[in-house]
Amino acid sequence: MKIIVGVKRVLDYNVKARVKSDKSGIELQNVKMSMNPFDEIAVEEALRIKEAGHAEEVIAVSIGPAQSQETIRTALAMGADRGILIETDEQLQPLAIAKLFKHVIDKESPGLVILGKQAIDGDNNQTGQMLSALTGMNQATFASKVEFDGDAALKVTREVDAGLESIRVAMPAIVTTDLRLNEPRYAKLPNIMKAKKKPLDVLAVADTGVDTTSKLSVVEVNEPPKREAGIVVKDVAELVEKLRNEAKVI
Amino acid sequence: MNTLILAEHENGDLRAATLSVVACAKALVQHSRGEVHLLVAAGDADGIAAKAAAIDGVSKVIAVSDAAYEHELAENLSALVVKHAEAYGHILFAETASGKNVMPRVAALLDVSAISGITEVVSADTFVRPIYAGNALATVRSDDAVKVVTVRPTAFDAVGAEGGSAAIESADAAAADAGVSFLGQELSDSDRPELTSADIVVSGGRGMQNGENFSMLDDIAGKLNAAVGASRAAVDAGFVPNEYQVGQTGKVVAPNLYLAVGISGAIQHLAGMKDSKVIVAINKDEEAPIFQVADYGLVADLFDALPELSAALDAA
Ligand SMILES: Cc1cc2nc3c(=O)[nH]c(=O)nc-3n(C[C@H](O)[C@H](O)[C@H](O)COP(=O)(O)OP(=O)(O)OC[C@H]3O[C@@H](n4cnc5c(N)ncnc54)[C@H](O)[C@@H]3O)c2cc1C
Ligand SMILES: Nc1ncnc2c1ncn2[C@@H]1O[C@H](COP(=O)(O)O)[C@@H](O)[C@H]1O
């Protein structure tokens, strides 16, 4: 069985996003970019499944600018076997991303696709669910535990608003990762060297024949209103007094 | 054009989030000049549909009863929504675990873009939504024939659960997906108010040190009729279950009072609580970023401050 994982290149989670002065988007020049944290968890899960003998090959797929090759190399250094980059400088919407993933799935026929639950740039939380709808493969989103139920199905524990729920999905299936699924490994130096020699195919969106036009457009991007800085109280008594008599919230 | 909302419910009652989505829909139909309809799908939808019909601002309720809808399986719910989609210009879901699970499927099946977590309706086709953990607000416009959207419940004041008298229509189920089945759930039963709709939220972070110490927060929450939340670090460390997590990738809350105890205030945490009306931080590190958003900051060791706070709340 093959496993496909999605690895998106995003602004590093430790960097504060700055809105561009022309309001067209977020400043991404000369800032640290990294693999989307949920995708590190996706790669880790795929590797564990392979190491447990359930899969033969892990393929890391990224859609984005040429620099996304670095993101794929990171996945390869963690242990993925090969990479596919669909190169584009356009900021594609999840629907277009899902269609491009479907193109890869139609060619590779994976038994399992693991994506992050959400990319921390657009905070969309859409791609896995869309891909499931487009391919007919069942979805198990927000996974905190993935177990095999025989060879043809998964038992997935999901983080939902009221706690945890578990579902059974027939394979091929699409899983999206939540934070508690695993703790991703760090790539070791020798593996980083080896990763440079692993195969990485680059194709253009035009090679896929996928129509990526979107009717959703960004009109402008603004900074959120700033909160006024408050006061420091000297002790608990003053805090309670302020909450009762000034803020009147208790 | 009319607006359709997929109603959320549990144990026979509508979830509070649905009342906020109706509020958003009411703002929307001022631009689109249509009606607001609710789709109620459940194992047995009758009782819930009757409650949905009483919601202020709802004109029609479509009730669908079938075992396929007992557990909010996304494949089954999305197929049902798509079956009804044609008649609508907007289809709204709550930005909840369930809404997020279903909405993008509906969009993909209709071959339109999906719009996640809107916080403002600018016009019938233009919406505002936070991106980058709320560090930016994107204004987006959709030229799709139908707009498929999740609505952030904290951004819209819930409409009244009473006062409406919508017509109720029954409809048939859509075909169920054989590839997915519900196995079970582990829900923490708490008599506390629900985190995302509570008036007061008391949250603990890594500074709490362990799960037992959260009983100090439970005690204070009990006295304030508050819900208890947590940072990711506290959840990852196993102090409290996942459903407590507030933040960019957890729950978004906007109570009248948010009390952050032993939480540093990482941007991912702020994303989930910075729209609270009053924020209080208790932290022993005066440099902690949480103080930059706190209305009232107390620089103290939480192990001294929490017992004092508990005692002070008892005193009239
Ligand atoms: C992809 C991704 C998603 C994330 N999503 C979320 C999310 O949804 N929600 C979220 O919260 N985080 C999220 N995070 C994590 C976030 O970046 C921070 O790591 C996390 O919020 C830190 O939690 P904390 O404040 O409890 O811990 P810390 O940052 O370790 O802070 C602990 C604080 O406790 C104080 N303290 C310690 N002891 C005491 C004491 N005795 N008395 C008083 N104060 C004390 C310390 O001074 C410190 O400020 C996410 C991270 C990533 C990468
Ligand atoms: N451009 C991309 N390249 C690779 N994977 C992506 C891309 N966009 C989204 N994904 C995958 O889809 C997940 C959810 O993204 P989103 O729906 O944008 O929040 C991410 O965690 C990735 O696994």
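A brief structural summary.

Analysis parameters
Residues numbered from 1 in each chain as written. Chains lettered and ligands numbered in written order. Predicted model: local features only at pLDDT ≥ 70, side-chain atom pairs only at ≥ 80, totals over all residues. Heavy atoms only, no water. Near = heavy atom within 4 Å. Polar contact = N/O pair within 3.5 Å; in protein donor to acceptor, adjacent residues only side chain to side chain. Areas by Shrake-Rupley, 256 points an atom, 1.4 Å probe, with all protein chains shown as cover. Helix = DSSP H or I, 4+ residues; strand = E, 2+ residues; numbered from the N terminus. Nonpolar A, V, L, I, M, F, W, Y, C, P; charged D, E, K, R; others polar. Salt bridge = Lys/Arg side-chain N within 4 Å of Asp/Glu carboxyl O. Buried < 20%, exposed > 50% of the residue type's maximum accessible area, 1.4 Å probe, protein only. Pairing = 2+ DSSP bridges. Right-handed = clockwise from strand over helix to strand, strands pointing away. Contact = heavy atoms within 4.5 Å. Buried area = accessible area lost by both parts, 1.4 Å probe.

1. Notes on the site of ligand 1
Item 1. In the region of ligand 1, 29 residues are neighbours, and R206(B), S231(B), Q245(B), S264(B) and N283(B) sit closest.
Item 2. More than one chain reaches ligand 1: its neighbouring residues belong to chains A and B.
Item 3. R232(B) places a polar main-chain atom, nitrogen or oxygen, 2.9 Å from an oxygen atom of ligand 1.
Item 4. Summarising the interface, the protein chains cover 86% of the accessible area of ligand 1, which totals 990 Å² for the free molecule.
Item 5. Looking at the shell around ligand 1, the elements that each hand over two or more residues are α1 (37-51) of chain A together with α6 (232-236), α7 (267-270) and α8 (302-314) of chain B.
Item 6. Considered class by class, the residues forming the shell around ligand 1 number 11 nonpolar, 13 polar and 5 charged.

2. Some remarks on the pattern of salt bridges
All names here are of chain A.
Item 1. Across all of its chains, the model carries 31 salt bridges over all chains by this definition.
Item 2. For K117, the salt bridge goes to D178, with nearest N and O atoms at 3.2 Å. One end of the pair, K117, is in the loop between β6 (112-116) and α4 (127-135); the other, D178, is in the loop between β10 (173-177) and α5 (189-195), with 61 residues separating them in the sequence. One exposure class covers both K117 and D178, and it is buried.

3. Points about the pairing of strand β7 (residues 114-118) of chain B
Residue and element names in this part refer to chain B.
Item 1. Across the 5 residues that make up β7, a large majority, 5, are buried.
Item 2. Here 3 bridges tie β7 to strand β11 (residues 147-151), and the two strands are oriented parallel to one another. Across the sheet, I118 pairs through a bridge with V151, a residue of β11.

4. Structural notes on the site of ligand 2
All names here are of chain A.
Item 1. Around ligand 2 lies a shell of 18 residues, among which D39, I63, A119, N125 and T127 are the nearest.
Item 2. With respect to ligand 2, the backbone of N125 contributes an N or O atom lying 2.8 Å from an oxygen atom.
Item 3. One of the backbone N or O atoms of Q126 is found 2.9 Å from an oxygen atom in ligand 2.
Item 4. About the coverage of ligand 2: the protein hides 98% of its 480 Å² of free accessible area.
Item 5. For the shell around ligand 2, the secondary structure elements donating two or more residues are β4 (57-64), α3 (94-108) and β6.
Item 6. Of all the elements, β4 adds the most residues to the shell around ligand 2, at 3 residues.
Item 7. Of the residues contributing to the shell around ligand 2, the split by class is 7 nonpolar, 9 polar and 2 charged.

5. Notes on the pairing of strand β5 (residues 60-65) of chain B
Residue and element names in this part refer to chain B.
Item 1. As paired elements, strand β4 (residues 36-42) and β5 share 6 bridges and run parallel to each other. When the bridges of β5 are listed, A42 appears paired with S65.
Item 2. In this fold, β4 hands off to helix α2 (residues 46-53), which returns the chain to β5; that crossover is right-handed.
Item 3. Bridge analysis of β5 against strand β12 (residues 167-170) gives 4 bridges, and the strand direction is parallel. By the bridge assignment, V61 is partnered in β12 with I168.

6. Things to note about the interface of chain A and chain B
Item 1. Counting residues at the interface gives 74 residues for chain A and 83 residues for chain B.
Item 2. Taken over both partners, the interface formed by chain A and chain B buries close to 6500 Å², and the fraction arising from carbon and sulfur atoms is 54%.
Item 3. Applying the counting rule to chain A against chain B returns 3 salt bridges.
Item 4. The residue D236(B) makes a salt bridge to R180(A) at a minimum N-O spacing of 2.9 Å.
Item 5. Counting the contacts that link chain A with chain B gives 50 residue pairs in polar contact (both at pLDDT 80 or more).
Item 6. Listing elements by their share of the side of chain A that touches chain B, those giving two or more residues are α3, α4, β7 (138-148), β8 (153-160), β9 (163-170), β12 (216-222), β13 (231-233) and α7 (236-245) of chain A.
Item 7. For the side of chain A that touches chain B, the element with the highest residue contribution is β9(A), accounting for 8 residues.
Item 8. When the residues that make up the side of chain A that touches chain B are grouped by side-chain class, the tally is 38 nonpolar, 16 polar and 20 charged.
Item 9. Note: β13(A) against strand β18 (residues 296-299) of chain B, 3 bridges, orientation parallel. What sits directly across from V232(A), in β18(B), is G297(B).

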